[in-house]
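These are the residues of each chain, in order.
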2 protein chains.
Amino acid sequence: MTYTELLTKRIHIASGMEPADTVIKNCRIVNVFTREIIEGDIALSDGVIAGIGQYTGREEIDAHGAYALPGLIDSHIHIESSHVTPEEFSRLLVPHGTTTVIADPHEIVNVCGLTGLSYMLNAAEKAALDIKFMLPSCVPCTEWEHAGAAVTAADMAEPLRDDRILGLGEFMNAPGVIRAVPAVLDKLAAAKAAGKPVDGHAPSLLDRNLTAYASTGIRTDHEAGSVEEVQQRLRLGLYVMLRYGSACTELEELAACVTPENARRFLLCSDDCHPATIMARGSTDASLRVCVERGIDPITAVQMATLNAAECYHLDDRGAIAPGRRGDIVLVDDLQEFRVRRVWIGGKPVAQDGAYLPETARHDISSVMSSVHVKDFSAERLRLRLTSDHVTVMDLHPGTVLSHRSDAYIRRAPDGDFLFDPAADIVKMAVIERHHATGNLAMALVRGYGLDRGAIALTVAHDSHNIIAAGASNDEMAFAVDRLIDMGGGITVVRDGAVLEELPLPVAGLMSDQPVEWVRDRLDAIHRAAFEELHVSRAVDPITTLCFMALPVIPELKLTDMGLFDVIHSRFVPLEAEETAEE
Amino acid sequence: MTYTELLTKRIHIASGMEPADTVIKNCRIVNVFTREIIEGDIALSDGVIAGIGQYTGREEIDAHGAYALPGLIDSHIHIESSHVTPEEFSRLLVPHGTTTVIADPHEIVNVCGLTGLSYMLNAAEKAALDIKFMLPSCVPCTEWEHAGAAVTAADMAEPLRDDRILGLGEFMNAPGVIRAVPAVLDKLAAAKAAGKPVDGHAPSLLDRNLTAYASTGIRTDHEAGSVEEVQQRLRLGLYVMLRYGSACTELEELAACVTPENARRFLLCSDDCHPATIMARGSTDASLRVCVERGIDPITAVQMATLNAAECYHLDDRGAIAPGRRGDIVLVDDLQEFRVRRVWIGGKPVAQDGAYLPETARHDISSVMSSVHVKDFSAERLRLRLTSDHVTVMDLHPGTVLSHRSDAYIRRAPDGDFLFDPAADIVKMAVIERHHATGNLAMALVRGYGLDRGAIALTVAHDSHNIIAAGASNDEMAFAVDRLIDMGGGITVVRDGAVLEELPLPVAGLMSDQPVEWVRDRLDAIHRAAFEELHVSRAVDPITTLCFMALPVIPELKLTDMGLFDVIHSRFVPLEAEETAEE
């Protein structure tokens, strides 16, 4: 049908001249424009809402007085963090009423470059969930590491022309913006030239630094961590996304910032979610629940997850239940628990009582497999040749992804290698470049991880996603790394030369091609093995902690494939603590 | 400077590392995001706001505690209605704090087609006022008249690609939408293909007809005339523009509809304004004043004229005083009278205490002159050959642009021509096609206009802008029409074969090339002459009334170049009242 034909049918249905395709009868419709609850039917025509009122349809579904919300929008999320593909991610989120996500495929693009973006775009088309993308803005994240790809400002023009890409993703390089680094600003210029918005990422930024950051036109921030940070962002015109993810749950504290005066400037997002979190707690429905628990008016909460997000991203075709908008509709029992009964996306029924209704077709993953390319790796390369017993160590900071720069006296073997001592709670960590077989490998010593036998290795290590491994001996670590190489990426827990538990992540070493339930079970088993068999400290998350120890933008000491990096002073440091260290 | 260089400088200014180009110090800044008044300075960098706070600049202007508003946006206006060119229109509006208008050049495009659009785009670039355009959607307005041009859906694709054109202008053909006429819907399809919004125009539309209209995705309406109409439009997701123009001032009554719950969905517009109205009363500043008088919170009123409009039209670069937004700033004494002290547009000072500061450069008007092309016109052609004394008459409805269909017994000359009788208050009216020299001419008889001698003729006759003339005799009317042809369009008042007063409108027969003060004085003189010399009834506006008697979408009886048209029954009718009329 041409658009004119679609409109003709829609007009006839709206006028009551012909029956609707589907009518959802007896709804209490949340009107996000007037903040009223309006009783009536919703008439659908080719996936679009034709009218609200009294209608008849070829198909009629009785909502029995349930509340009808516009489809919920998660304004910022990384699909890769759930370790499942977009199609499976849709199965995970949609039964919770999330019908649109603004996804930043930052992880896979760091591994696979624009090939990864292309895969995500294609896979997303097989998902019922409407996945809009932001183009990752910081690939690689810093100059102190090797990712699988580099995306320069010049590379951005073409993807920014794609209608499925709404703009430039979270602009993590805030220091680069504030220091006005030309190659960094060129990326903002590319977004400007494309007429598309840029998402922000400004943890802890305040006052003039925040003003400088905002002065570039960056539109949102999802990193506000205090009332003061929220207030400053709002005043400067940044949309504030309140986050409710697996690790970061600022929404709980910051919901108190939302007032009738400023509410239109808030959005909801989850950023990073493990499958277990969503399966146990929910998706955007969970955020709405927290909002209302924390005293936000329910319709305001719904606006934050619908109209506000649609306005921010110019998604004029959604964000409300109104004629001419997409048939993205969520039926919930009430406006307190927001228990989701039914979900429609583009007029198609996609979930009912927790079950995902569409058949899950999957896009071919071959373009993003075989992402693990390591050169010259062996246990021998994990051997240290320390010139001193006095070494620099990374101290883990439980409950965060921070680390502290500290020092310790350790035992050395005659050849200078580190000797593991269970009493000292210090283990070796290695980061091994795995994208271009450069042979890069760097080592650190970590305290507080707890592990006293075996090894853990993974290909998920923000943001460059090289291999990161920690273990009690060179041989155990090498076994784990070799296992990862063999399986083409994933997470593995080994002991005594045998695999205890593992999760293959064939898609870029980041995502499984399996159902989310299986992924969740594997992750649970991995955690159990890490705690129970390897004795990883219960104070840390054995996987998430490692994931973030290679991210050289989070203080204080991190390990990239290029070496041990002092984030505070922006420089590489030797393993030996002495000032006269030779390395 | 490249955009990266612009950003670099802006960041340095925002950070306080270098002085701003200009700092407006000691402002009380209306923050439309948080609805706070924030005391501080505004730092400008190349026309863009770099920061809010404490700043120093190479130029510093002390606001002495004045309130700083974001530049005001008139969301829907026809420049042609002020009878001045865009450059002069800028001079008229800007001292009142209006810094952006969304203009629909519907009148000139009906006369000159896309050449008229092109002229307006070019002339607008010489104006300090930032004029954004909507592409006129209904040219000609109906099939029952001949305009100077026809713009089909196919013609729209190219102008819709122009960045200066925000979308499709007020979609007046609501009946065509509701009846789903394919050629009408094709225009909506053109806007959809361009990804641009469509303004609405839905007077009196309610219930299912309004739903059908809204179901096409039309985004706004400025014709709501009652509380019920406002409510329905808001619920359906249409932005509601409250109008405060010369003739239509619904804002006064409908301001009461604005509540904290729905305020974000309201915009302000003036639609059609005579120069005298703006010079006496103001522009968007006057609308703000009315809002506050009628009980709307001042910051809400400001939001309606700034952030709301920017959101509606995706003008992300304005609508707020915040870093990264255009330096469109208005200083006012208070938030009640909104007396405008100073205005900046794009960081340039453009008005101070009522004076417009820029030099007024003017775009060449030759492409839109010589728009009057009439064939075979003479007094003889105004002669009627009535076959009956019983005729159909248009009864004027004072205070509106409506007319009623009525009948009367008149005196006839031996040849059947109408004989003017001062006691009967009926005069001849003629519409003469003036674009393509078709020779089309049609006649009507009008009651209630009062004129008892001389004639009035003009080339401003909505929406086709043919010549319309009314007079006491064929010779007087012919003299007036010939005079219009000679001067290439305008308004003329004649008596006894001499011009009493006139206003040449060389630009498409719609706009003067002279300063607005002169135009206002000419219009005043024309009105005086019409009332005092020709005895036009004080109950009607001698010019505006004629302007709308050729518009065949306003009930009940209208006159186009094709004949006397019954708007209610959509058909042409004869002058003779008898059912057996021969004509």
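The structure displayed is predicted, hence computed values, not measured ones.

## Details of the overall build of chain A
Logical step 1: For chain A, the count of helices and strands is 17 helices and 30 strands.
Logical step 2: Dimensions along the principal axes, computed over C-alpha positions, put chain A at roughly 90 × 50 × 45 Å.
Logical step 3: Within the span of chain A, comprising 583 residues, buried residues form 64% of the whole.
Logical step 4: Taking the contacts inside chain A whose residues are at least 6 apart along the sequence as the reference set, 68% of them involve residues at least 24 apart.

## Regarding the environment of Phe89(B)
All names here are of chain B.
Logical step 1: Checked against the element boundaries, phenylalanine 89 lands in helix H2 (residues 86-93).
Logical step 2: Along the backbone, phenylalanine 89 and isoleucine 79 are 10 residues apart, and their C-alpha atoms lie at a distance of 6.9 Å.
Logical step 3: For phenylalanine 89, the contacting residues outside a window of four places in its chain are Ile77, Ile79, Ser82, Val84, Val101 and Leu129.

## Some words on the pattern of salt bridges
Residue and element names in this part refer to chain A.
Logical step 1: Scanning the model with the defined rule gives 80 salt bridges over all chains in all.
Logical step 2: A salt bridge links aspartate 130 to arginine 318; the nearest nitrogen and oxygen atoms lie 2.5 Å apart. Of this pair, aspartate 130 sits in strand E8 (residues 130-135) while arginine 318 sits in the loop between helix H14 (307-312) and strand E14 (329-332), placing them 188 residues apart in sequence. The same class applies to aspartate 130 as to arginine 318, namely buried.

## Structural notes on the nonpolar core
Side chains that are nonpolar tend, in soluble globular proteins, to be buried together.
Logical step 1: If you look at the biggest cluster of nonpolar residues, it comprises 189 residues, and the most contacted ones within it are Leu69(B), Ile108(B), Tyr449(B) and Ile456(B).
Logical step 2: Looking at which element gives the most residues to this core, the answer is helix H16 (residues 516-532) of chain B, with seven residues.
Logical step 3: Filtering out sequence-adjacent residues up to four positions away, Tyr449(B) remains in contact with Leu396(B), Asp425(B), Val427(B), Ile456(B), Ala470(B), Val536(B), Ser537(B), Val540(B), Pro542(B) and Leu546(B).
Logical step 4: Counting residues in each nonpolar core, the second largest holds 186 residues, with Val84(A), Met172(A), Ile467(A) and Ala530(A) among its members.

## Digging into the sheet that holds strand E30 (residues 571-573) of chain A
Residues and elements named next belong to chain A.
Logical step 1: Taken in spatial order, the three strands make up an open sheet running E28-E29-E30, and their pairing is antiparallel. Looking along the sheet, the strands with just one partner apiece sit at the ends: strand E28 (557-560) and E30. Averaged over all pairs of adjacent strands, the angle between strand axes in this sheet comes to 45°, irrespective of strand direction.
Logical step 2: Pairing analysis gives four bridges linking E28 to strand E29 (residues 563-566), with the strands arranged antiparallel. In the strand pairing of E29, leucine 557 is matched with aspartate 566.

## Digging into helix H4 (residues 114-124) of chain A
In an α-helix, one turn spans 3.6 residues, which is why side chains three or four residues apart end up on the same side.
Logical step 1: Of the positions making up H4(A), those classed as buried are Gly116(A), Leu117(A), Tyr119(A), Met120(A), Leu121(A), Ala123(A) and Ala124(A).
Logical step 2: Where the residues of H4(A) are buried, they touch helix H2 (86-93), helix H3 (106-112), E8, helix H5 (153-160) and strand E9 (165-171) of chain A.

## Some remarks on the interface of chain A and chain B
Logical step 1: Residue-level contacts link 56 residues of chain A with 56 residues of chain B.
Logical step 2: Taken together, chain A and chain B are joined by 10 salt bridges.
Logical step 3: Where Glu36(A) meets Arg235(B), a salt bridge forms, and the shortest distance between an N and an O atom there is 2.8 Å.
Logical step 4: Seen at the junction of chain A and chain B, the total is 21 residue pairs in polar contact (both at pLDDT 80 or more).
Logical step 5: It is helix H1 (residues 3-14) of chain A that provides the largest number of residues to the side of chain A that touches chain B, a total of eight residues.
Logical step 6: When the residues that make up the side of chain A that touches chain B are grouped by side-chain class, the tally is 24 nonpolar, 18 polar and 14 charged.

## What to know about the confidence of the model for chain A
Logical step 1: Looking at chain A, pLDDT values average 96 and 99% of them are 70 or higher.
Logical step 2: Taken over the whole predicted complex, pTM reads 0.96, whereas the ipTM for its chain interfaces reads 0.95.

## Things to note about the side chain of Arg35(A)
Logical step 1: Tracing the chain through its elements places Arg35(A) in the loop between strand E1 (20-31) and strand E2 (36-45).
Logical step 2: Looking at Arg35(A), its side chain comes within polar contact range of the side chain of Asp297(A), at 3.0 Å.
Logical step 3: At 2.8 Å, the side chain of Arg35(A) forms a polar contact with the side chain of Gln303(A).
Logical step 4: When neighbours within four sequence positions are excluded, Arg35(A) is seen to be in contact with Asp297(A), Ile299(A), Thr300(A), Gln303(A) and Glu261(B).

## Notes on the relation of the copies chain A and chain B
What relates the two chain copies is a rotation about an axis together with a slide along it.
Logical step 1: Of the transformation placing chain A onto chain B, the axial shift is 0.0 Å and the rotation is 180°, giving an RMSD of 0.1 Å. What the rotation and shift describe, once combined, is the action of a two-fold rotation axis.
Logical step 2: A share of 100% of interface residues in chain A that are also interface residues in chain B marks the association as one of identical surfaces.

Conventions adopted
Residues numbered from 1 in each chain as written. Chains lettered and ligands numbered in written order. Predicted model: local features only at pLDDT ≥ 70, side-chain atom pairs only at ≥ 80, totals over all residues. Heavy atoms only, no water. Helix = DSSP H or I, 4+ residues; strand = E, 2+ residues; numbered from the N terminus. Buried < 20%, exposed > 50% of the residue type's maximum accessible area, 1.4 Å probe, protein only. Contact = heavy atoms within 4.5 Å. Salt bridge = Lys/Arg side-chain N within 4 Å of Asp/Glu carboxyl O. Core = buried A, V, L, I, M, F, W, Y, C linked by side-chain atoms within 4.5 Å. Pairing = 2+ DSSP bridges. Axes fitted to C-alpha atoms, helices over the stretch in contact; angles between N-to-C directions. Polar contact = N/O pair within 3.5 Å; in protein donor to acceptor, adjacent residues only side chain to side chain. Nonpolar A, V, L, I, M, F, W, Y, C, P; charged D, E, K, R; others polar. pLDDT = per-residue confidence, 0-100. Least-squares fit on C-alpha atoms with pLDDT ≥ 70 in both.

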